[in-house]
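Architecture and fold: a report
Each chain, letter by letter, is given below.
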Amino acid sequence: MRFEVVTLFPEMFAALTDYGISSRAIKQGLVSLSCLNPREFTTDKHRTVDDKPYGGGPGMLMKTEPLVAAITAAKARLQKAGPESGAGTGQQAKTIYLSPQGKPLNQAAIEQMAQGSDLILVCGRYQGIDTRVIDSVIDEEWSLGDFVLSGGELAAMALIDALIRLQPGALGDDDSALQDSFSGGLLHWPEYTRPSDFAGATVPEVLLSGDHKAIAQWREQQSLGATWLKRPDLLNRKNLSTKQRELLDEFINEYNLADGDQNESPPGKFRSECDEQEQDH
Ligand code: 9WO
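Residues numbered from 1 in each chain as written. Predicted model: local features only at pLDDT ≥ 70, side-chain atom pairs only at ≥ 80, totals over all residues. Heavy atoms only, no water.

**So, the packing of aromatic side chains**
Under the defined criterion, the tally for this structure stands at two aromatic pairs. Following the ring pairs from residue to residue traces out a cluster consisting of Trp228, Phe251 and Tyr255. (Phe/Tyr/Trp six-rings, centres within 6.5 Å; stacked < 30°, edge-to-face > 60°.)

Written out as structure tokens, the structure reads:
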């Protein structure tokens, strides 16, 4: 899979090229990442990359011609087949814009994208880009969540990182995408490492038992319980197996016993501010 990033700040992408799993995957040739700077596509003496919005007001937009020229150059680069262009799928690269106006990203969308075409990521700065550029050259607009950054770069990096680690061979033997949070649509179970007694807080007995079947069942129950407590919006009880429903019911019963409170809903301390209508279990 190949990534072309259109950005005024290509140096930021060292966070991916120089560190961790993404750096290793690039060096192994599993993926490639390169940047195009609209500033290199300017034609005026001052190399201008911003422009005023029609209608007035404070703030600037990205200047359209250098931005579109950089996107066009990115497309041309990806037309040429490369060693990371995917198993000859011949799919056209998709052009993606990261903004708060985009469709909310989640792990399922990332898993689909990770199996798809090469990507061009367009990073907005200032107040963003002319909407006609979105309509004419952007294929998909995605959001990481309801918050505002100073530019699209950090969002693009987050997306690229999530995609790289799903490429076959990108994770070492010790990392497994199958054990990710969300891999089964549930939150991860709690993990423990040494010491076994941390300021009086001990490790659950079952994890020290060596009973692999019991451990696997405890972890599944804890995943279900953590999701019920922290992200009940992710729990579709209709899609749980009979076994999973039993494990979750046992978790809820034990939780309510410890709590003294008989309630099918988790306590308010885990709730977000706008999920009240999702609380029905
Ligand atoms: C900047 C600004 C300044 C004055 C008045 C209004 C304004 N709006 C913006 C703005 O929304 N800037 C965006 C910055 C333009 C597109 C790139 N930027 C961005 C992307 N901020 N946050 C994201 C983002 C991307 C994905 N998921 C969450 C946030």
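**Details of a nonpolar patch on the surface**
A cluster of nonpolar residues, Leu144, Phe147, Leu149 and Leu154, forms a patch on the protein surface that exposes about 350 Å² of accessible area. Summarising the element assignment, leucine 149 is placed in the loop between strand E7 (140-143) and helix H6 (153-164). By relative accessible area, which is 37% here, leucine 149 ends up partly exposed. (Patch = residues over 30% accessible without salt bridge, like charges linked within 9 Å, V, L, I, M, F, W, Y side chains within 5 Å. Areas by Shrake-Rupley, 256 points an atom, 1.4 Å probe, with all protein chains shown as cover. Salt bridge = Lys/Arg side-chain N within 4 Å of Asp/Glu carboxyl O. Helix = DSSP H or I, 4+ residues; strand = E, 2+ residues; numbered from the N terminus. Buried < 20%, exposed > 50% of the residue type's maximum accessible area, 1.4 Å probe, protein only.)

**Thoughts on the pairing of strand E1 (residues 2-6)**
Counting buried residues in E1 gives five out of five residues, a clear majority hidden from the surface. Pairing of E1 with strand E2 (residues 32-36) involves five bridges; the strand directions are parallel. The residue bridging glutamate 4 from the neighbouring strand is serine 34, located in E2. (Pairing = 2+ DSSP bridges.)

**What about the sheet that holds strand E6 (residues 119-122)?**
Spatial ordering of the open sheet is given by E2-E1-E6-E5-E7, a layout of five strands whose pairing is parallel. Each edge of the sheet is formed by a strand with only one pairing partner; in this case those strands are E2 and E7. Strand-to-strand twist in this sheet, taken as the mean axis angle between neighbours without regard to direction, amounts to 30 degrees. Across five bridges, strand E5 (residues 94-104) lies against E7 in parallel orientation. Within E7, the residue paired with isoleucine 96 across the bridge is glutamate 140. Packed on one face of the sheet, helix H3 (residues 64-79) meets E1, E2, E5 and E6 and runs near 165 degrees to E1. (Axes fitted to C-alpha atoms, helices over the stretch in contact; angles between N-to-C directions. Contact = heavy atoms within 4.5 Å.)

**Some remarks on H3**
Helix length check: H3, at 16 residues, gives a terminal C-alpha distance of 23 Å against a target of 22 Å (1.5 Å per residue), a fit within 8%. Listed as buried for H3 are Pro66, Leu67, Ala70, Ile71, Ala74 and Leu78. All buried residues of H3 project into a common sector of 135 degrees when viewed along the axis, lining one side. Residues Glu65 and Gln79 are exposed on H3 and point more than 90 degrees away from its buried face. For H3, the elements touching its buried residues are E1, E2, strand E4 (61-62), E5, E6 and helix H5 (131-137). (Expected span 1.5 Å × (residues − 1). Arc of directions from axis to C-beta.)

**Let's talk about the site of the ligand**
Near the ligand lie 17 residues; those nearest to it are Tyr97, Tyr126, Leu144, Phe147 and Leu149. Between the ligand and the protein, one listed contact pairs a nitrogen atom with a backbone N or O atom of tyrosine 126 at 3.0 Å. At 2.8 Å, a backbone N or O of leucine 144 approaches a nitrogen atom of the ligand. Protein burial of the ligand: of its 610 Å² of free accessible surface, 76% is covered by the chains. Looking at the shell around the ligand, the element that brings in the most residues is E5, giving four residues. (Near = heavy atom within 4 Å. Polar contact = N/O pair within 3.5 Å; in protein donor to acceptor, adjacent residues only side chain to side chain.)

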